[in-house]
Amino acid sequence: MPETRLFLIRHALVEPSARLTFYGSMDVALCELALQQEAALYRWLAGRLPRPAHWVTSHLARTRATAAAIFAAGYPEAPLATEPDLAEQYLGEWQGIPHEALAERLRHKPHPFWPHAAEERPPGGESFAEVQARVAPVLDRLAETHAGQDIVIIAHGGSIRAALAHALGLTPHQALVFSIRNLGLTRLEKHGADWRVATVNEEPWTPPPG
């Protein structure tokens, strides 16, 4: 059976005022300046991503805007399927608070590489462990429905970490060690019942000078 290939991309950088807060699953706009400065990266993605492919985004506008920027850079425009369970972690009462206001609200020791622990559940929100639990069935369903095909997913740092955790059988705590950069390309493959991680944060290859 041919492998099913998933190309996961974290949405582009959001606008500056949103970055001052824990925006979680709030609907925030992309940074217009970054869209201009990263034009070469969009062109690389437009050439790197497979054609044809089934395109999927979360329900948040920043993922659809990122897909639109890739289409504008040269990838033939494709229909966008929406998967709400691929959204970023819902932070409940923490959404919109400034970063410096978080420490006094924590009930668990922060993760070494993340502002809060994987088991930390914001009031009215969800823990990262719960993000992992909702993302996994979406990946399995997409891989089954589009077996042997290519799937491009524009998602979020949290949902891509959750996807890697699902593929590798990691705990939520272990998943938070991954650094997923904006516009980073992560590739997963489904071979029968098994997942394989091909790349994390794949970048354009730049030849050495001279």
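In case you missed it, the structure is sitting above this.
I will try to describe carefully the structure that is included in this document. It should be emphasised that the depicted structure is a prediction, and the values quoted were computed from it without experimental measurement. (Residues numbered from 1 in each chain as written. Predicted model: local features only at pLDDT ≥ 70, side-chain atom pairs only at ≥ 80, totals over all residues. Heavy atoms only, no water.)

Some thoughts on the sheet that holds strand β1 (residues 4–10)
Spatial ordering of the open sheet is given by β3-β2-β4-β1-β5-β6, a layout of six strands whose pairing is mixed. The open sheet is flanked by β3 (80–82) and β6 (194–202), the only strands paired with a single partner. On average, adjacent strands in this sheet sit at an angle of 25 degrees to one another, irrespective of strand direction. Pairing of strand β5 (residues 185–191) with β6, which is carried by six bridges, proceeds in the antiparallel orientation. Each bridged residue has a counterpart across the sheet, and for glutamate 189 the counterpart in β6 is arginine 196. Its contacts with the sheet put helix α3 (residues 39–48) on β1, β5 and β6, and the angle it makes with β5 is roughly 15 degrees. Across the sheet, helix α5 (residues 128–145) is in contact with β1, β2 (54–57), β4 (150–155), β5 and β6; its angle to β4 comes to roughly 155 degrees. (Pairing = 2+ DSSP bridges. Helix = DSSP H or I, 4+ residues; strand = E, 2+ residues; numbered from the N terminus. Axes fitted to C-alpha atoms, helices over the stretch in contact; angles between N-to-C directions. Contact = heavy atoms within 4.5 Å.)

What about the packing of α3 against helix α4 (residues 61–72)?
The contact between α3 and α4 brings their axes to 8 Å, and the two run at 80 degrees. In this view, α3 runs roughly perpendicular relative to α4, as classed from their interaxial angle. Listed contacts from α4 to Tyr42, Leu45 and Ala46 of α3 are Thr66, Ala69 and Ile70. Taken together, the residues of the contact of α3 with α4 sort by class into five nonpolar, one polar and no charged. (Parallel < 35°, antiparallel > 145°, perpendicular 65-115°, else oblique. Nonpolar A, V, L, I, M, F, W, Y, C, P; charged D, E, K, R; others polar.)

Details of the environment of glutamine 89
By the secondary structure assignment, glutamine 89 is in the loop between β3 and α5. Sequence-wise, glutamine 89 and histidine 111 are 22 residues apart; in three dimensions their C-alpha atoms are separated by 15 Å. The contacts of glutamine 89, once residues within four sequence positions are left out, are Gly24, Ser25, Gln95, His116, Glu120, Pro122, Glu126, Ser127, Phe128, Val131 and Arg134. Of note is the side chain of glutamine 89, whose polar atom sits 2.7 Å from the backbone oxygen of glutamate 126. (Polar contact = N/O pair within 3.5 Å; in protein donor to acceptor, adjacent residues only side chain to side chain.)

Description of α4
Residues that lie three or four places apart on an α-helix share one face, since the helix turns once every 3.6 residues. With twelve residues, α4 ought to run about 16 Å at 1.5 Å a step, and its terminal C-alpha atoms sit 16 Å apart, in line with that. When we look at burial in α4, the residues that qualify are Arg62, Thr63, Thr66, Ala67, Ala69, Ile70 and Phe71. Buried residues belonging to α4 abut β1, α2 (32–37), α3, β2, β3 and β4. (Expected span 1.5 Å × (residues − 1). Buried < 20%, exposed > 50% of the residue type's maximum accessible area, 1.4 Å probe, protein only.)

Section: the packing of aromatic side chains
Inspection of the entire model under this criterion finds three aromatic pairs. Among the aromatic side chains, those forming a connected cluster through ring pairs are Trp55, Phe71 and Tyr75. Note that arginine 51 overlies the ring of tyrosine 75, its terminal NZ or CZ placed 5.2 Å from the centroid. (Phe/Tyr/Trp six-rings, centres within 6.5 Å; stacked < 30°, edge-to-face > 60°. Lys NZ or Arg CZ within 6 Å of the ring centre and 35° of its normal.)

Concerning the pairing of β1
Extensive coverage of β1 is indicated by the burial of six of its seven residues. Relative to β5, β1 runs antiparallel, the two sharing six bridges. Opposite threonine 4, over in β5, you have lysine 190 as the bridge partner. Examined bridge by bridge, β1 and β4 share six bridges and lie parallel to one another. Bridged to isoleucine 9 within β4 is isoleucine 154.

Digging into the pattern of salt bridges
Applying the stated criterion across every chain yields a total of nine salt bridges. Among the ionic pairs, arginine 107 bridges to glutamate 120, the shortest N-O distance being 3.4 Å. Here glutamate 120 lies in the loop between β3 and α5 and arginine 107 lies in the loop between β3 and α5, a separation of 13 residues in the sequence. A residue is classified by how much of its surface remains accessible, and arginine 107, at 60% relative accessible area, is exposed. Of the residues examined, glutamate 120 reaches a relative accessible area of 0% and is grouped as buried. Glutamate 203 is the partner of arginine 181 in a salt bridge, and the nearest nitrogen-oxygen pair spans 3.3 Å. A residue pair is termed long-range when its members are at least 10 positions apart, and arginine 181 in the loop between α7 (172–175) and β5 and glutamate 203 in the segment after β6 qualify at 22 residues. (Salt bridge = Lys/Arg side-chain N within 4 Å of Asp/Glu carboxyl O.)

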